[in-house]
Amino acid sequence: MERGEDGGVLRSRCRSPETPPTSPDPDRSFSSLDGDSKPEQQQQQQGNGVSHATSNGIIEVEHVISKKLQLKKKAEHLKSDLMHQLDGHVNDFMDSLMEESSSLESAPLPASFSPPLSDKERSKLRCLCSPSTLQRYFRPPHGEGKQFISRRSLLDELFEVNHIRTIYHMFIALLILFILSTLVVDFIDEGRLVLHFELLVYAFGQLPLVVCTWICMFLSVLLVPYSLFHLWAQTQRGSHPQFCSFLFGSVFLLFQALAVGFLPTFVVLTNSFPPASCFIVILEQVRLMMKAHSFVRENVPRVLSWAKEKHSPGPVVPQVSQYLYFLFAPTLIYRDKYPRNPVIRWSYVASKFLQVLGCLFYAYYVFVRLCIPQFRSSSRQLFDLRAMVLCVFNSILPGVLVLFLGFFAFLHCWLNAFAEMLCFADRMFYKDWWNSTSFANYYRTWNVVVHDWLYYYVYRDILWMSQKRFRPAAMLFVFTVSAVVHEYILAICFGFFYPVLFCLFMCFGMMFNFILHDRRKGPVWNVVMWTCLFLGQGVILCLYSQEWHAQQYCPLTEPSFLELLKPRSWSCHRDAGL
């Protein structure tokens, strides 16, 4: 700040005449410069004007203007000094905040915290978290897109609260009761303790063939899209870039449809994979197709921009290591670089895989104790409205448990385990969907990984192609794509076509998306959302389980195409009666 004669005049004008401060206060002087000093300046200017008018007959306008310019210059210097000091305080605060975060992660609390970090690791973490690094590496390459930042999963933060962790302990206690009830019933029926897992052994059958199929899929997605993209990039400064784009684009779409789409499905159907093994292959098939599309979609604009710049040395093609990292990373949005953690917490990885295994056994006991006995008897009963209503309400509890287990096992444990092994720092795989008061918010927060892909590559691309004129049509197309893919996965894995989930998506899902929209606030709407979610899980589990048992008890010898489309649960009891 200025301390000369002019500065003294400036401070004297900003002071109160009754109680002058003992030390200069920059904040007060800066605020008073804009407010209280104006009337005084006007009075002094008026007084000076009167004196000059009486003595000389003219007003010294140039002197007044020069004084105003000096005051303005002083104010600008004062403002720059204050902003410089504020920027220094903010930088010191951010440095201390990162050091406190590192010290918290080194504390011996739950297993979700990090081990102690060395000085080198802390400096690396500070470098990675700097704003310039984040803007250079983790922002979308072209236009607006998903921003990747370093953040923890929501459940990892909530489990540090004892009240929330108690709910986790309650689910563990319920699993123990399921195990004890199974052991007691087996002891009463068999006269001895029976620990058999025939359902798990059956569900995960043919694992060697599953692994071979996955390796072939992964290698093809690793080599073919990258090679095609690299060759296409070299042709964009040639004589026929549009023809080459059409040619390579057609080859890429053909590869997606045949090599990744048709062949794995053919292997699954011809070898009659059991449900869990089939889910592994089909889900990986869908994931790899979405990954390949994201890689091409994010990098094509970069090559086209390079082709327009005649002075650039070579095409901007990502390295193979970057594409390989993306294929394993728990995201469907491609970036050259992601925010990374400096260390790998192997104890955290082990705990997440153990939790996945626990959820697997949890689901096994839910099906053994709550689902199989009910549907084994109800599949031979008369299919009427009363039986269906009872089946739906009896299926709500196991359906909700399976929903929670699937969410916790995959979206939290599985993705966090791979993120930790890859040092992937952005752990927002889901949001607080349980607090949703509308289905629109639930769709956005339940599975953030898939939602981001649908939003950026389906919804926004349709708006871009239509010049933002068909928003309802774009939303309808997103729902259709999601419903078709979900129904495709269930139809292939279960071995029958029963479009229950498709109808729920396209009918009730679309209706609730507009009825229970974001304007619905308050706890009542959260209760409505949970009630609809519980009923939907009961309907899905009831109808698909009934159809599964009907397919087992009432197989068709020589089915026609129409008979394959007709649900067997509608007529299985009649065939059994005959």
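Keep in mind that what you see is a predicted model, and the values were worked out from it rather than measured.

**What to know about the pattern of salt bridges**
As enumerated under the stated definition, the model contains 10 salt bridges in all. Measuring nitrogen to oxygen at the nearest pair gives 2.8 Å for the salt bridge that ties E420 to R427. Look at the salt bridges and you will find they share partners, linking R345, E420 and R427 into a network.

**Some words on unusual backbone geometry**
The phi torsion at C423 lies on the positive side, around 60 degrees, for a residue other than glycine. Along the chain, C423 turns up in the loop between α16 (396-421) and α17 (439-445). Its identity is not glycine, yet K468 carries a phi of approximately 60 degrees, on the positive side. You can see K468 is positioned in the loop between α18 (448-465) and α19 (471-494).

**Brief notes about the state of the cysteines**
Under the defined criterion, the tally for this structure stands at 1 disulfide. For C391, the disulfide goes to C542, at an S-S distance of 2.1 Å. Its torsion about the S-S bond being 130 degrees, the disulfide of C391 and C542 is classed as right-handed. With a gap of 151 residues between them, C391 in helix α15 (residues 385-394) and C542 in helix α21 (residues 523-553) connect regions that are remote in the sequence. Accessibility expressed as a relative area gives 4% for C391, which makes it buried. Not engaged in a disulfide, the cysteine C212 finds its nearest cysteine sulfur in C216; these two sulfurs lie 6.8 Å apart. On the basis of relative accessible area, C216 is assigned to the exposed category, the value being 55%.

**Brief notes about the side chain of N416**
Looking at where N416 falls in the secondary structure, it is placed in helix α16. Within the structure, N416 has its side chain in polar contact with the backbone oxygen of H412 (distance 2.6 Å). Ignoring anything within four residues of it in the chain, the contact list for N416 reads S153, D156, Y348, L411, R427 and F429.

**Here's the deal with α18**
Look at α18: 24 Å from first C-alpha to last across 18 residues, which is about the 26 Å you get at 1.5 Å a residue. The sharpest bend along α18 comes to roughly 35 degrees, located at Y455. When we look at burial in α18, the residues that qualify are V448, V449, D452, W453, L454, Y456, Y457, V458, Y459, D461, I462 and L463. Looking at the buried positions of α18, the neighbouring elements they touch are α12 (275-308), α16, α17 and α19.

**Here's the deal with the packing of α18 against α19**
Where α18 meets α19, the axes come as close as 9 Å, and the angle between the chain directions of the two elements is 145 degrees. Here α18 and α19 pass one another in a crossing that is right-handed. Contact with α18, carried on its side by L454, V458, Y459, I462 and L463, involves R471, A474, M475, F477, V478, V481 and S482 of α19 and no other residues of that element. Here the residues of the contact of α18 with α19 sort into 10 nonpolar, 1 polar and 1 charged.

**A short note on the confidence of the model for the protein chain**
When pLDDT is averaged across the protein chain, the result is 77; 74% of the residues are at 70 or more. No element of the protein chain has a lower mean pLDDT than helix α2 (residues 26-34), at 39, and none a higher one than helix α13 (residues 320-328), at 94. Counted against residues more than four places away or in other chains, residues 1-55, with its pLDDT under 50, gives 42 contacts. Under a pLDDT of 50 for its full length, residues 124-139 has, in the predicted model, 25 contacts with residues more than four places off or in other chains.

**What about the packing of helix α11 (residues 241-270) against α12?**
Here α11 crosses α12 at 175 degrees, and the two axes come no closer than 10 Å. Between α11 and α12, the crossing angle belongs to the class labelled roughly antiparallel. Residues F252, Q256, V260, G261, F262, P264, T265 and V268 of α11 touch α12, and the partners they reach there are C278, V281, I282, Q285, M289, A292, H293 and V296. The class makeup of the residues in the contact of α11 with α12 is 11 nonpolar, 5 polar and no charged.

**Quick notes on the nonpolar core**
One recurring pattern in soluble globular proteins is that nonpolar side chains are buried together. Core analysis: the biggest nonpolar cluster contains 87 residues, and V221, F295, Y323 and F408 have the highest contact counts within it. Examining the composition of this core, we find that 12 residues originate from one element, α12, more than from any other. For Y323, the residues in contact, after removing those within four places along its chain, are V221, L222, P225, Y226, A292, F295 and Y334. Judged by nonpolar contacts, the second largest core, of 18 residues, contains L490, V500, L543 and Y544.

**Let's talk about α19**
An α-helical segment advances 3.6 residues per turn. Residues three or four places apart therefore align on the same side. With 24 residues, α19 extends 35 Å between its outermost C-alpha atoms, agreeing within 8% with the 34 Å of an ideal straight helix rising 1.5 Å per residue. Within the sequence span of α19, burial applies to A474, V478, F479, S482, A483, E487, I489, L490, A491, I492 and C493. In this fold, the buried residues of α19 make contact with α11, α12, α17, α18, α20 (500-515) and α21. Directly after α19, the chain includes G495, whose backbone phi takes a positive value near 85 degrees.

**Section: the side chain of R335**
Its place among the elements puts R335 in the loop between α13 and α14 (346-378). Of the residues examined, R335 reaches a relative accessible area of 3% and is grouped as buried. A distance of 3.5 Å separates polar atoms of two side chains, one belonging to R335 and the other to E298.

Thresholds, definitions, all that
Residues numbered from 1 in each chain as written. Predicted model: local features only at pLDDT ≥ 70, side-chain atom pairs only at ≥ 80, totals over all residues. Heavy atoms only, no water. Salt bridge = Lys/Arg side-chain N within 4 Å of Asp/Glu carboxyl O. Helix = DSSP H or I, 4+ residues; strand = E, 2+ residues; numbered from the N terminus. Disulfide = S-S within 2.5 Å. Buried < 20%, exposed > 50% of the residue type's maximum accessible area, 1.4 Å probe, protein only. Polar contact = N/O pair within 3.5 Å; in protein donor to acceptor, adjacent residues only side chain to side chain. Contact = heavy atoms within 4.5 Å. Expected span 1.5 Å × (residues − 1). Bend = angle between axes of the 7 residues up to and from the residue. Axes fitted to C-alpha atoms, helices over the stretch in contact; angles between N-to-C directions. Left-handed = near helix turned anticlockwise from the far one by under 90°. Nonpolar A, V, L, I, M, F, W, Y, C, P; charged D, E, K, R; others polar. pLDDT = per-residue confidence, 0-100. Parallel < 35°, antiparallel > 145°, perpendicular 65-115°, else oblique. Core = buried A, V, L, I, M, F, W, Y, C linked by side-chain atoms within 4.5 Å.

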